[in-house]
Amino acid sequence: MAPVIKFSNEDTFFSKSLRAKINEYFKVSGKSKTGDWRIGLKAAILFLSLICIYTILVFAQPYWPISILLCLLLGVNLAAIGFNIMHDAGHNSLSRNKKINSLLSYSLNLVGGNIYLWKLKHNIAHHTYTNIEGEDHDIEIKFMRVHRDQPLKRYHKYQRYYFIFLYGISYLAWVFFQDYEKYFRQKLGKNSERFAFPLKEKVIFWISKVFHLGIFIVIPMIVVGWLSTLFGLLVAGVVCGICLATVFQLAHVVEETEFKSLATDKLEEEWMVHQVHSTANFATKDKVLTWLLGGLNFQLEHHLFPKICHVHYPAINEIVKEACRELGIKSVEYGTFREAFKSHVRVIRSMSR
C-alpha cells in the first residue's frame, strides 16, 4: 500500500535526541533490544496454560462452575498470548532470530486470527497513521463514534450503554467474520485501497482457519456436545474481546489523546511527536498488569519503538518522559487502569452527542 500522509522532516530534533538517548541506554547496559529469557519463560507459561486449560475443559469435563471459570481463564489466556507473544513476534522484537519471530507470530493464526492481515492493519496502518481518520483503521469501529470528525448517527446516543457489548463480541467478530470480509474484499477498510494478497498467504489463511475451527469447535463438539462448546466459546470469546478492545481503547481513545482529519497529505509535525500526542500510557507501576498485557500499558514506548521488546518498556519509560519534558512536549499517562477507563468512558459519552 502506497503511503498517503507525509510527516514533517524539517525539524526532527525530538526524534534524533530520543533515539540517541535510547541507543545510549542499550549500549551502556549491554542489553539487546529484542527479548531475553523473561519473554521465553512467559511464552512457555502461556502456551502450557493454554494446553492445560483446553485439555481439562474438553477431556476432563469438570463440574460446570469450574468449567465456566476455566472458560473465563481461557479468554484471558488467549488475549495474553496475543499481547505477549504474537504482538512482539509480529513486530520482530521478540527475538534476534527472524525465523523465531515469524514462527511465533503465527500464534495469532492458532487462536483464530491471521498474521498477514494483522500486520497490514496494525504494523502499517495503525502504527504509521495513529488516530488519523481514514488511515488508521483501528478507529473505524462499527456503531461507535470516537472523535468529532466522525459522523454522528442516531444510535451513537446509546453507545455509552452498548460499548461493552461491542468490545465483548469484537474477538469473535474478528476471527469469524472480519478476516473473511478482508480476504474477499482485499481491503482493510470500507474506503481503503485493495492490498496484495500472495497465494502463499491465501493458502496459510485457509489452512489455519480450518485448523482453528477443528481445534476449538469440531473436536469440542464431538467430545462435549454442541451446546457446551458454543457456550464455552462464547464465554472465552467475550472475555478475550473485552481484554483486547479495552487495552487498545485506553491507549488511544482517552480525553487527552489527539485525533486528526487531514485535508492535505502533509502533517506539520514529526512522526514521533504525533505518536506522543495520539497515544497514552496507563498503570505503568502495576507489575502484574504489565506482565499480563505484554507491556502494552506502556503504549507510548511501544509506538515510538515497536522494534524494542516489551520487557524493556519500564526501563525506557523514564528516558521517554525526560525527552518530552526537555522540549515541552506533553505526554499522556494515567496512574491507574481505573483512571484511564473512566477517561475512556467520558470520551464515549461526549461523542454520543
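Described below are features of the structure shown in this document. (Residues numbered from 1 in each chain as written. Predicted model: local features only at pLDDT ≥ 70, side-chain atom pairs only at ≥ 80, totals over all residues. Heavy atoms only, no water.)

**A short note on the overall build of the protein chain**
Looking only at helices and strands, one finds 14 helices and four strands in the protein chain. In summary, the protein chain has a C-alpha radius of gyration of 20 Å against a globular reference of 20 Å for 353 residues, a match within 12%. By principal-axis analysis of the C-alpha atoms, the protein chain measures approximately 65 × 55 × 45 Å. Taking all 353 residues of the protein chain together, 53% fall into the buried category. Of the contacts formed within the protein chain by residues at least 6 apart in sequence, a portion of 71% connects residues at least 24 apart. Carbon together with sulfur atoms contributes 65% to the accessible area of the protein chain, which is approximately 17500 Å² in total. If you average the places of the 42 positive and of the 29 negative side-chain charges in the protein chain, the two averages end up 6 Å apart. (Helix = DSSP H or I, 4+ residues; strand = E, 2+ residues; numbered from the N terminus. Rg over C-alpha atoms; globule rule 2.2 N^0.38 Å. Buried < 20%, exposed > 50% of the residue type's maximum accessible area, 1.4 Å probe, protein only. Contact = heavy atoms within 4.5 Å. Areas by Shrake-Rupley, 256 points an atom, 1.4 Å probe, with all protein chains shown as cover. Lys, Arg positive; Asp, Glu negative; His and termini not counted. Charge placed at Lys NZ, Arg CZ, Asp CG, Glu CD.)

**Brief notes about the packing of aromatic side chains**
Scanning the model with the defined rule gives 20 aromatic pairs in all. Ring centres of Tyr116 and Phe197 lie 5.3 Å apart, and the angle between their planes is 20 degrees; on these two criteria the pair is classed as stacked. Linking Tyr116 in helix 6 (residues 115–128) with Phe197 in the loop between helix 7 (159–185) and helix 8 (199–224), this pair joins segments that are 81 residues apart in sequence. Here Tyr116 matches Phe197 in class, with each residue buried. Between Phe197 and Phe205, the ring centres sit 6.5 Å apart and the planes meet at 90 degrees, which makes this aromatic pair edge-to-face. The residues Phe197 and Phe205 share a single accessibility class, namely buried. Of the aromatic side chains, those joined through ring pairs into one cluster are Tyr116, Tyr180, Tyr183, Phe184, Phe195, Phe197, Phe205 and Trp206. (Phe/Tyr/Trp six-rings, centres within 6.5 Å; stacked < 30°, edge-to-face > 60°.)

**Overview of the state of the cysteines**
As enumerated under the stated definition, the model contains zero disulfides in all. The closest cysteine sulfur to the non-disulfide-bonded Cys243 is located on Cys240, 6.7 Å from its own sulfur. Residue classification places Cys243 among the partly exposed positions, given a relative accessible area of 24%. (Disulfide = S-S within 2.5 Å.)

**So, unusual backbone geometry**
Residues other than glycine seldom take positive phi values, yet Asn92 does so here, at roughly 60 degrees. Mapped onto the elements of the fold, Asn92 is located in the loop between helix 3 (64–90) and helix 4 (98–105). Positive phi, close to 60 degrees, is recorded for Asn131, a residue that is not glycine. Secondary-structure assignment places Asn131 in the loop between helix 6 and helix 7.

**Digging into the side chain of Lys209**
Among the structural elements, Lys209 can be located in helix 8. Looking at Lys209, the relative accessible area reads 2%, which means it is buried. The contacts of Lys209, once residues within four sequence positions are left out, are Gly112, Gly113, Val175, Asp179 and Tyr180.

**Digging into a nonpolar patch on the surface**
Taken together, the side chains of Trp37, Leu41, Ile45, Val76, Val288, Trp291 and Leu292 define a hydrophobic patch exposed on the protein surface, amounting to about 670 Å² of accessible area. Put simply, the parts of the chain that give the nonpolar patch at least two residues each are helix 2 (37–60) and helix 11 (287–292). Its relative accessible area of 59% is what places Val288 among the exposed residues. (Patch = residues over 30% accessible without salt bridge, like charges linked within 9 Å, V, L, I, M, F, W, Y side chains within 5 Å. Salt bridge = Lys/Arg side-chain N within 4 Å of Asp/Glu carboxyl O.)

**Re the nonpolar core**
If you look at the biggest cluster of nonpolar residues, it comprises 46 residues, and the most contacted ones within it are Leu74, Leu78, Phe83, Ile85, Tyr171, Phe282 and Tyr334. Put simply, the parts of the chain that give this core at least two residues each are helix 2, helix 3, helix 6, helix 7, helix 9 (226–252), strand 3 (280–282) and strand 4 (332–334). Considering every element that reaches this core, the biggest residue donor is helix 3, with eleven residues. Not counting residues up to four positions away in its chain, the partners in contact with Phe282 are Val247, Leu250, Ala251, Leu289, Leu293, Leu296, Asn297, Tyr334, Thr336, Phe337 and Ala340. Core analysis: the next-biggest nonpolar cluster, separate from the first, contains 20 residues, Ile22, Val273, Ile308 and Ala323 among them. (Core = buried A, V, L, I, M, F, W, Y, C linked by side-chain atoms within 4.5 Å.)

Fair warning: the whole summary comes from geometry, so function is off the table for now.
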